[in-house]
Amino acid sequence: MTDNRRLRTRWLGAQPIGGLFALPYFVFVIAIFAYPLAFAVYIAFHDYFFTAPNVEVDRPFVGFDNFVTVLTDPRVLGSFRNTLVFLVINVPLTAVLSLVLAAALNTGIRWVAAYRVAFYVPYLTASVSLVGVWMLLFSGNGLINTILGPLAPDPSWLVNSGLAMPMIAFYVTWKQLGFYILLYLAALQNVPKELYESAETDGAGALKRFLHVTIPGVRSATTLVLILSIITGANLFTEPYLLTNGGGPDGASSTPVLLIYQLGIQQQNPDTAAAIGMILVILVGMLSLAANRATRER
Amino acid sequence: MKKISAVALVGAFALVATGCSAGGGGGSDSGSAEATGPIKVWLSNNEQEVAWGTAVVEAWNAEHPDEKVTAQEIPAGSSSEEAITAAITAGTAPCLVYNVAPAAVSGWVKQGGLVDLSTLDGGSDYITERSGDVEAYATDGSYYQLPWKSNPVMVMYNKALFEAAGIDPEDPQMNTYDAFLDGAKAIVDSGVQSAIWPAPTSEFYQPWFDFYPLYLAETDGTMLVEDGASTFDSDAGTTVADFWATIYKDKLAPNEASTDDAMSAGTTAMQLAGPWAIPSYADTVDVGFMPVPTSDGRENPTTFADSKSVSMFTSCENQGTAWEFLQFSTNVDNDGALLEATGQMPMRTGLTDAYADYFAANPNYVAFAEQAENTADVPSIPNSVEAWQAFRDEYSSAVIFAKESVGDFLSNAASKIDTLVAE
């Protein structure tokens, strides 16, 4: 191999034509993900606001000022607290319910296709329309309170600062469940039947087979479910915006993404909005890493 | 793979660096004040207003074949203001936008997106001759908006529900806070779910339809911020906030949003609205109007103007034509056509005299026309939207959800707004 060819191989790989095929995706990733992300980092460290083209303004570097501003703002801290409440309810509930339901649907029960469709339909339906249904169910004079009568909470579900965020967590869990069930159903196909037969031969009951065969067998799917539900939770916007009227009673269901929208788009402060975004990315990365480690095979 | 990632990252940062440094240079205006030629304008999504705009554009185009105007509805977005902000940033704003909210103007001026109308030929004179004293609409002493029309907010009520509650629908006598609360209790006692139903949601503009009209009435037109400082942490602010807190505490208004149009559904007997609401209920509810209440029941109190303006954008190349068309579309005849088509009040002096025939034929609008002479708007201040959002957050917490005291709400909101205005 000549030096030139070695150098070319080193930079372009053994099959340079493959790089050509990958080029559109590479450009897509740079334009849609890498550039905006890097731009957001730039904005977060500057006194930045959007202007009309060719308008010359001073946008000085301000170091961590924007981060200090958002981290000392009670609204921002409250939104992160709300997200934590959401994740504590939604993530375990999603993982447990979707695994249990997927395992049940995998046992060959009757009408399995109908059940799968029933669980998947909410995931496919636009959140906006489902939110409307939940508002009718859980509003002050909605169906649920009519049934509960004097047992209904006061203030009602969606305007109760203690219940607003859990309601959103339950709603999202219900809506997303079909997707996670599908992930687990796919993973369950890869668990060797022989393991179940061996366990049964050794006298393991259904619960023990679930605990010692099914759960370890779908470990990689569990990692995926946890990471995806954490990311979904961190990106929460539509549900609090619509279900609890733009952030709920006294900001009880406000989320970081909702504040990013308010600050960046409505109030024209993209610099502080970008700082919240940076903090969110870092926290989600840390949580995802923790979820990955917790479910890693030892 | 690691090398590819590194190259991608370096490339991305290089793009950022070049992208960010390319913004400088050049003035803000891409057009000139004398240039003529085709222009584009945006209209609101209101059906009647679109019909008016289309007719005005057709009339103009018939006489100006070389300066053709193209009108379209404002692009869909969460709000018009967000669509316009995005268009300014992208350089795709049209020459003129009708129906802009004055609260957003200061932010667009900061963006370098608006043309100073005062610098155009006869600009300031035209604005003041048409509308009278509109100094409050100036930003840093210049007019970046032409105050176009106002929608004075009044109490609109369902006459049938008033009658069922034992209130005279032709003369409700609810102009003091005490009388208003008594009437509201009678309405709820008669079986209506809520007496009045302002949206309890947290958007920055909601105070304009609950707290602010009553505050303007209570103070004879003192705006939220005057001379660079907030005004509402005062006895008048406390009185108004206490009034609304009582409404919520006594469950005369729900603290969650209505899932439908509460006036049409009959789940509320009153709402605070402008004349734009009249056509909505023409076939469904027999509505009446009364001025917003005050603590002492004063006659003809000031209220929120809920005005809308027309602004010219720096991305406009043919600003000469835009300025000519703006004057044409707001002349006496076209203002009359606007009133006829929409029921909204053109911001010109002597309204009832100028269009006497219209008001004789449409007595429902007379109260609004008279009220239009006695209005105030949002102050033209830096960080306007952020200031109103801060106000709304504190208001929601104290008045709607009773999680803090009214006193804390007023002092906290005042402190935040003073800081924002001083920036």
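Residues numbered from 1 in each chain as written. Chains lettered and ligands numbered in written order. Predicted model: local features only at pLDDT ≥ 70, side-chain atom pairs only at ≥ 80, totals over all residues. Heavy atoms only, no water.

When helices and strands are tallied, chain A shows 14 helices and 0 strands. Order of helices (α) and strands (β) in chain A, N terminus to C terminus: α-α-α-α-α-α-α-α-α-α-α-α-α-α. Relative to its length of 298 residues, chain A is extended, with a C-alpha radius of gyration of 24 Å against a globular reference of 19 Å. Reported as C-alpha extents along the three principal axes, the dimensions of chain A are approximately 75 × 75 × 30 Å. Looking at chain A residue by residue over its 298 residues, the buried ones come to 43%. Counted over contacts in chain A with a minimum sequence separation of 6, partners at least 24 positions apart contribute 66%. (Helix = DSSP H or I, 4+ residues; strand = E, 2+ residues; numbered from the N terminus. Rg over C-alpha atoms; globule rule 2.2 N^0.38 Å. Buried < 20%, exposed > 50% of the residue type's maximum accessible area, 1.4 Å probe, protein only. Contact = heavy atoms within 4.5 Å.)

Turning our attention to the overall build of chain B. Counting secondary structure elements, chain B contains 17 helices and 14 strands. Computed over the C-alpha atoms, the radius of gyration of chain B is 23 Å, within 12% of the 22 Å expected from 2.2 N^0.38 for a compact globule of 423 residues. Its C-alpha atoms put chain B at 70 × 65 × 45 Å along the principal axes. For chain B, the proportion of its 423 residues judged to be buried stands at 57%. The contacts in chain B between residues at least 6 apart in sequence include a share of 75% that link residues at least 24 apart. Side-chain charges of chain B comprise 17 positive and 60 negative groups, with the mean position of each set lying 12 Å from the other. (Lys, Arg positive; Asp, Glu negative; His and termini not counted. Charge placed at Lys NZ, Arg CZ, Asp CG, Glu CD.)

Residue and element names in this part refer to chain B. Strand order in the open sheet formed by 4 strands is S6-S9-S5-S10, and the pairing between neighbours is mixed. Two strands close off the open sheet at either side, each with one partner strand: strand S6 (194–196) and strand S10 (287–290). Averaged over neighbouring strand pairs, the angle between their axes works out to 25° when direction is ignored. Against the sheet, helix H7 (residues 177–189) touches S6, strand S9 (268–273) and S10, its axis set at about 150° to S6. (Pairing = 2+ DSSP bridges. Axes fitted to C-alpha atoms, helices over the stretch in contact; angles between N-to-C directions.)

Residues and elements named next belong to chain B. Scanning all chains against the criterion turns up 15 salt bridges over all chains. Across the pair Arg130 and Asp335 runs a salt bridge, and its minimum N-O distance is 3.0 Å. Here the residue Arg130 occupies a position in helix H5 (residues 123–131), and Asp335 occupies one in helix H12 (residues 332–342), the gap between them amounting to 205 residues. For Arg130, a relative accessible area of 3% gives the class buried. (Salt bridge = Lys/Arg side-chain N within 4 Å of Asp/Glu carboxyl O.)

A:Ala22 marks the point of greatest bend in helix H2 (residues 16–44) of chain A, at about 45°, and the proline A:Pro24 comes within the next four residues. Turning to H2(A), its buried residues are A:Ile30, A:Ala34, A:Ala38, A:Phe39, A:Ala40, A:Ile43 and A:Ala44. (Bend = angle between axes of the 7 residues up to and from the residue.)

This part takes up the packing of aromatic side chains. Residue and element names in this part refer to chain B. Following the criterion strictly, the structure yields 55 aromatic pairs over all chains and no others. Here the aromatic rings of Trp208 and Trp388 are separated by 5.8 Å at their centres, their planes lie at 90°, and the arrangement is edge-to-face. In this pair, Trp208 is assigned in the loop between S6 and helix H8 (211–218) and Trp388 in helix H16 (residues 384–400), connecting sequence segments 180 residues apart. With respect to class, Trp208 is no different from Trp388; both count as buried. The interplanar angle of 75° and the centroid separation of 5.0 Å between the aromatic rings of Tyr212 and Trp388 together place this pair among those described as edge-to-face. One end of the pair, Tyr212, is in helix H8; the other, Trp388, is in helix H16, and 176 residues separate them in sequence. The class for Tyr212 is buried, based on a relative accessible area of 0%. (Phe/Tyr/Trp six-rings, centres within 6.5 Å; stacked < 30°, edge-to-face > 60°.)

The next subject is the state of the cysteines. Covalent bonding between the sulfur atoms of two cysteines defines a disulfide. Residue and element names in this part refer to chain B. Here the structure, examined in full by the defined rule, presents 1 disulfide over all chains. Between the sulfur atoms of Cys95 and its disulfide mate Cys316 the distance is 2.1 Å. Its S-S torsion of approximately 85° makes the covalent link between Cys95 and Cys316 right-handed. Note that Cys95 is positioned in the loop between helix H3 (80–90) and strand S3 (96–100) and Cys316 in the loop between strand S12 (308–312) and helix H11 (319–329), a separation of 221 residues in sequence. The pair Cys95 / Cys316 is uniform in exposure class, with both members buried. (Disulfide = S-S within 2.5 Å.)

The subject of this paragraph is the interface of chain B and chain A. By a widely used convention, the size of an interface equals the accessible area lost when the partners come together. Across the boundary between the two partners, chain B contributes 45 residues, which contact 39 residues of chain A. Between chain B and chain A lies a buried interface of about 3,600 Å² when both sides are counted; carbon and sulfur atoms form 57% of it. Put simply, chain B and chain A have 3 salt bridges between them. Between B:Lys251 and A:Asp154 there is a salt bridge, and its shortest N-O distance comes to 4.0 Å. Looking at the side of chain B that touches chain A, the elements that each hand over two or more residues are helix H1 (2–21), H3, helix H4 (102–110) and H16 of chain B. Ranked by the residues each element gives to the side of chain B that touches chain A, the list is headed by H1(B), at 9 residues. In terms of residue class, the side of chain B that touches chain A is built from 14 nonpolar, 23 polar and 8 charged. (Buried area = accessible area lost by both parts, 1.4 Å probe. Nonpolar A, V, L, I, M, F, W, Y, C, P; charged D, E, K, R; others polar.)

Remember, this is a structural readout, not a statement about activity or role.
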